[in-house]
Structures are given as structure tokens and as C-alpha cells.
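# Structural overview for review
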Amino acid sequence: MNGGLRQTEFSVPHDWDGKTCGDFLKHSGVSRRLTAKLKRVPDGITLNGGHVRTVDVIHAGDVVSIKNIDESLLEPNGILTVPIVYEDEGVIVFDKPAGMPVHPSHKHRGDTLGNCFAAMFPTLTFRPLNRLDKDTSGLCAAAKSAYAANALTGNISKIYAAVTEGVPIPKPVGNPLIKWYERSEGYRIEAPIGRAADSVITRKVMADGQRAVTNYTVEKENGSFALLRISLETGRTHQIRVHFSSLGYPLAGDDFYGGSLAYCGRQALHCCEMRFVSPFGGEIFLTSKLPDDMIKIFDAEI
């Protein structure tokens, strides 16, 4: 067996003359899972440089080659379709819909953005550069290579749109951990966030939490709801949701942190702008329009 940069080759010995290619690969240590992935990759498995099926018979002296791909690649799901906002050699940016997880979990095995990516790029590892919650919509970038991931990690600027219940204008909140004040442009929240002791999911403002800073402006309001434009100086889990909930202004639809489902069926949070310098495409600026369910909150009878 010879291990090359792009493929691995197996020479067929005399005692495997007349056997099938699939059985030979299994005997050679190629897992059934990896074989199934290779069958979906162009020229993933070849015999003497040409096309071969796993049921085909091989002979002594033949060379069976497989492409070197990461066996941890996600299962592809070609049924999934997600709008693409931008793509170059190193990065792809999706406009992720609400309700779609970014990465598989025990509850979501094949319906994620990662599974969609795997169907588009069977030989590439899914490297998301910003992880949106399942019910958060908007721009979500993924690197196509380790090089692009290293170049872009921590270097992507994002703007979020959110709809809060009530209009969050700074006032005394009675919690010394929270600093909430007006700036020259908009408002600022500084409040440490940590994981609640009784949950692996829930976050809260707490003394031994990590530093978390949220800046925002109020773009539109009607007394009952406010549309905010938000930028983050830190990237804590559930940061936007926790900060506004802790102030008494949860996101509309965010029942996990005290919001109501009456006017929106999920947390009203959307990644609407993204800016970065691509190693291949130069300076990139992208936008995503506000989803209808967030727009309609202001049209509902209050």
C-alpha cells in the first residue's frame, strides 16, 4: 500500500484474484462508511486508473486506488437547498433559514447546514465560521479549507437585526453586574455571561461569567416592539438573547428566555450583514434582507 497526498493505492495480491473490489477494500481496512462516501465522490475509487464499482471483480496485479478524504465528513443531504449569497475558492456564505441547525447533533442528524454543505462538496470538511442558533436566520459562512478557515476565523464582522418586546432604552436595572448606557451612537450593554449551573444549554448574567459586550441602535419602534441593529464585541453563547432578556426586553418569539410566541414563532434574530477580506476574493460585503416573520411583528395588532 502506498499513501500519497491525494490518494491511497492497494496492490491486489494473488490470493485476492477473482474477488470483488468491495470485499478487497474491506479486507484492506477501508471501513464500510468510508467506502459509501467514496462511491459518491468522482473517481473516489478507481481500478488501474479507471472507473470501478465495488461489485466488480479484480485480479492479481491490479491497483485499486481511493481518494484521501476525511472519514469524519458529514453525511450529504442533496434534498436540502439553502440560498448562497457568496462563494469563492476559499469560502461560501449561505443565507440560512430559521429552523435549520448549522451542525448535526443527536436530535438533528441529516437536516443541517453541514449536511447541505456535504452534498455540495463531498470531499471537503465543513468548517463553519459563524455558528447561528437553529432558529436564528441569516448569513452563515463556511470555509472550504483549513487555510481559509485560519485566515478568516475571528476576522469576520457581523451585524444582527433583532426585534425586542418593548423598547430597550437604558434605565436603572438594579443589577450591579449590568452596565447599560447611551453612547455617542446608540447604546451599550456590558454584562458577564456564564452557563447556568443546572443546565448545559441555558446562559445567564452571572458574576463569574465571561466578559460580554453588546452594542446596538434602535432602528424602528412602535412602543410595543423595537427593531434593533446589533454588533457584538464578544461572541458568547446566546449573548444577544441573554443580554436583552436580563434587561427585561426579551426577543420576540424567544420563549426560552422569556419572550412570547404570540407574534413570532421563533426568536426574532437575524444576521443581516457580513464583512470580511477573503484570501481569494478581496474585501467582501454581504447583506441579507429581514425575514417576513420579523417584519410582520410590526404589522400585527397589538
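Structure shown above.
These remarks concern the structure in this document. (Residues numbered from 1 in each chain as written. Predicted model: local features only at pLDDT ≥ 70, side-chain atom pairs only at ≥ 80, totals over all residues. Heavy atoms only, no water.)

## A closer look at helix α2 (residues 32-39)
Among the residues of α2, those classed as buried are Leu-34, Thr-35, Lys-37 and Leu-38. The arc enclosing the buried residues of α2, seen along the axis, measures out at 160°, which places them on a common side. The exposed residues of α2 that point more than 90 degrees off its buried face are Arg-32 and Lys-39. If you follow the buried residues of α2, they end up packed against β3 (45-47) and β5 (63-67). (Buried < 20%, exposed > 50% of the residue type's maximum accessible area, 1.4 Å probe, protein only. Helix = DSSP H or I, 4+ residues; strand = E, 2+ residues; numbered from the N terminus. Arc of directions from axis to C-beta. Contact = heavy atoms within 4.5 Å.)

## Considerations on the nonpolar core
Counting 54 residues, the largest nonpolar core has Val-91, Val-93, Leu-129, Tyr-216, Ile-230, Phe-244 and Phe-276 as the members making the most contacts within it. Ranked by the residues each element gives to this core, the list is headed by strand β9 (residues 137-143), at 5 residues. Look past the residues within four positions of Tyr-216 in its chain and what remains in contact with it is Pro-168, Ile-169, Pro-170, Trp-180, Gly-186, Tyr-187, Arg-188, Ile-189, Leu-228, Arg-229, Ile-230 and Phe-244. Grouped together as the second largest cluster of nonpolar side chains are 15 residues, Phe-10, Phe-24, Leu-34 and Ile-66 included. (Core = buried A, V, L, I, M, F, W, Y, C linked by side-chain atoms within 4.5 Å.)

## Focus: the side chain of Asp-88
By the secondary structure assignment, Asp-88 is in the loop between β6 (84-87) and β7 (91-96). The buried charged residue Asp-88 lacks any salt bridge partner; its closest oppositely charged side chain belongs to Lys-144, at an N-O distance of 6.0 Å. Of the polar contacts made by the side chain of Asp-88, one reaches the backbone nitrogen of Val-91; its length is 2.9 Å. (Lys, Arg positive; Asp, Glu negative; His and termini not counted. Salt bridge = Lys/Arg side-chain N within 4 Å of Asp/Glu carboxyl O. Polar contact = N/O pair within 3.5 Å; in protein donor to acceptor, adjacent residues only side chain to side chain.)

## Concerning the pairing of β5
For a regular strand, side chains alternate in direction, first toward one face of the sheet and then toward the other. Here strand β2 (residues 7-11) runs beside β5; their pairing, made up of 5 bridges, is antiparallel. Each bridged residue has a counterpart across the sheet, and for Thr-8 the counterpart in β5 is Ile-66. Relative to β5, β3 is paired through 3 bridges, and the arrangement is antiparallel. Looking across to β5, one finds that Thr-46 is bridged to Ser-65. (Pairing = 2+ DSSP bridges.)

## Considerations on a nonpolar patch on the surface
Among the surface-exposed residues, Val-200, Ile-201 and Phe-256 lie close enough to one another that they form a single nonpolar patch of about 300 Å² accessible area. Tracing the sequence through the fold places Ile-201 in the loop between β13 (193-195) and β14 (203-205). (Patch = residues over 30% accessible without salt bridge, like charges linked within 9 Å, V, L, I, M, F, W, Y side chains within 5 Å. Areas by Shrake-Rupley, 256 points an atom, 1.4 Å probe, with all protein chains shown as cover.)

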